[in-house]
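Inside the fold
What follows is the residue order along each chain.
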Amino acid sequence: SSGINAEYGDSSGNYITSGEQEGLLLHNGGTVRAINFNNTAAQAICRVMGFEGAVHWTSGPKWQIQSTFPTLTADVKCPLQDWSSCEYSDWYTSNHIEDLFLTCKGSRSPFSLVDKRGYTVSGSQEFLLLYNGGTVCGDEFSNNSADAACRDMGYSAASSWRAGMSWGAYRIALDDMNCTEGHLNSCNYTTSHNCVHGRDIFISCKSRQHSGISDSDSCNERDKMERGENVAIGILILVCTLLVFLLMRKDSQIAKLQETNSQISKLLVKDSQSDERDGKIAKLLQKTVLLKNTVEETEGKTDEILKKVNILIGRSLE
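As a convention, each chain's residues are numbered from 1 in the sequence order in which they are written. Given that the model is predicted, a residue must reach a pLDDT of at least 70 before its local features are reported, and side-chain atom pairs must reach 80 or more before they are shown or counted; all residues, however, enter totals for whole chains, interfaces and linings. Heavy atoms throughout the structure, all of them, feed into the side-chain values; hydrogens and water do not.

**Focus on helix 2 (residues 143–152)**
As a reminder, the rule being used: Each residue is assigned to one of three classes by its accessible area relative to the maximum for its type, calculated with a 1.4 Å probe on protein chains only: buried under 20%, partly exposed between the two thresholds, exposed over 50%. For helices the rule is a DSSP run of H or I covering at least 4 residues; for strands it is a run of E covering at least 2, with both sets numbered from the N terminus onward. In this analysis, two residues are considered to be in contact whenever any of their non-hydrogen atoms come within 4.5 Å of each other.
For helix 2, the full list of buried residues reads Ser-145, Ala-146, Asp-147, Ala-148, Ala-149 and Cys-150. Taken together, the buried residues of helix 2 touch strand 9 (111–114), strand 11 (127–131), strand 13 (158–164), strand 14 (172–179), strand 15 (187–190) and strand 16 (200–205). Among the residues trailing helix 2, Gly-154 stands out with phi positive, at a value near 100°.

So this is what it looks like as C-alpha cells:
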C-alpha cells in the first residue's frame, strides 16, 4: 500500500503535531486494530505522518473517545520501516479492546507528500508536495528548495521536482520558497501568495535518513527472525519425531506388561502351587515392576516433551 490516510490524536480528539505524546491512531476515520502490529510498522506509520520515528506503541481500551469511532483497519504488516512496504486489511468492528496507540518522536514536518486520493505517502515516486495541508507554489523554487523540503520530511535529498497543475481542491499555502542551501533554515518564504495551481510543486525524494534502526538493519533483523523461525521449526520437527518414538515405545511396554500379567494369571489358575510355579511367578512379578517403572519414566519424558512442543508452538505464533 503506497498511501495512508492517517492521523493520531489525544484523548480530546485533537490532532498531535509534536512527538513524545501518546495518541490514538486513526486511519480512514476509524481506529486501527493492533493484531500482528510490531515496532517496524510503528516506525513506518510515524515517519509517513511526518515524525522522525516511533518511541513505542500500545493497545487497549484506554479513552472514552474510542467508542465514537469504528475500527476500520487491522493486520498492519511492514517488512521495512517505510509505509510503501506495508500492507493492511480493511476491518469493521465496534470492539475497541485492541485499538492501537502510538507515541512518535520529533516535531512533525509541515511538509508532506500526497497521492491523487489525498493520502499521505512515502517512497521515491513523484507526489504532490503540501505545506500544512496546502500546495507549494513554484515561484523561486529551486533544487535547494526541493532538497530542503525533502530533508525536513526525513529524506536524504530530492531526486527530482517540477511545477504543474495539482489534483484535488487544495489552497495554496506556500509561495516564494527561496533557499540558499538544501536545508529549511536557509530558506525564505511566505504563506501569502500571488500564484496559481498550474505552478504547484510535484517532487520525488531520495531514501530516508533514519534515526535509530535503518531499513538495512530492519532487513537484517527480519532475516535473523526468519532464520530463527526455521531453526525453531527444525527443532519442533525433531522433538515431535522423538515424541512419536516415545509414544510407540510406551504402547509397546504397556502391551508387554499386559502380556506378563496374563501369564501370571494363567499360572495362578492352571498350575497347582509348587516351588517351580512360585519361582516363575516371582520372575514375572519382577518383570512387571520393571515394565511399570519404564512406562512411568516414558510418560514423564513424554509430558516434558509435550510442554516443550507447546512452548515452541506458542513462540512460533507470536
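**Let's talk about the state of the cysteines**
Where two cysteines share a covalent bond between their sulfur atoms, that bond is called a disulfide. Just so we agree on the cut-off: Disulfides are defined in this document as cysteine sulfur pairs within 2.5 Å.
Applying the stated criterion across every chain, the model contains five disulfides. Each sulfur of the disulfide joining Cys-46 and Cys-104 lies 2.0 Å from the other. Between Cys-46 and Cys-104, the S-S torsion sits near -80°, and that sign places the bridge as left-handed. Of the two residues, Cys-46 sits in helix 1 (residues 39–48) while Cys-104 sits in strand 8 (residues 100–105), which places them 58 residues apart along the sequence. Residue class for Cys-46 comes out buried when judged on its relative accessible area of 0%. What makes Cys-104 buried here is its relative accessible area of 0%. Residue pairing for Cys-179: its cysteine sulfur links by disulfide to Cys-187, the two sulfurs lying 2.0 Å apart. The chirality of the disulfide connecting Cys-179 with Cys-187 is right-handed, given an S-S dihedral of about 110°. For Cys-179, a relative accessible area of 4% translates into the label buried.

**A few points about the pairing of strand 9**
Our working rule: Two strands make a pair as long as DSSP finds a minimum of two bridges between them.
Alternating positions in strand 9 separate into two faces, Phe-111 and Leu-113 on one and Ser-112 and Val-114 on the other, with burial throughout. As paired elements, strand 9 and strand 11 share four bridges and run antiparallel to each other. Pairing of Val-114 across the sheet is with Leu-128, part of strand 11.

**Things to note about the packing of aromatic side chains**
So the rule is basically this: Working definition: a ring pair exists when centres of Phe, Tyr or Trp rings (six-membered ring for Trp) sit within 6.5 Å. Plane angles under 30 degrees give stacked, over 60 give edge-to-face, the rest tilted. Cation placement over rings: the criterion is NZ of Lys or CZ of Arg within 6 Å of the ring centroid and within 35° of the ring normal.
Under the criterion given, the structure shown has six aromatic pairs. Seen in terms of ring centroids, Phe-37 and Trp-57 are 5.0 Å apart; in terms of plane orientation they differ by 80°. Their pairing is edge-to-face. A residue pair is termed long-range when its members are at least 10 positions apart, and Phe-37 in the loop between strand 4 (30–32) and helix 1 and Trp-57 in strand 5 (residues 53–59) qualify at 20 residues. Its relative accessible area of 24% is what places Trp-57 among the partly exposed residues. A centroid spacing of 5.0 Å and a plane angle of 85° characterise the contact between Trp-63 and Phe-101, whose relative ring orientation is edge-to-face. Of this pair, Trp-63 sits in the loop between strand 5 and strand 6 (71–77) while Phe-101 is found in strand 8, placing the two residues 38 residues apart along the sequence. Classification of Phe-101 as buried rests on a relative accessible area of 0%. An aromatic cluster of at least three residues, connected via ring pairs, comprises Phe-111, Tyr-131 and Tyr-189. Lying across the ring of Phe-202, Arg-162 places its NZ or CZ 4.4 Å from the centre.

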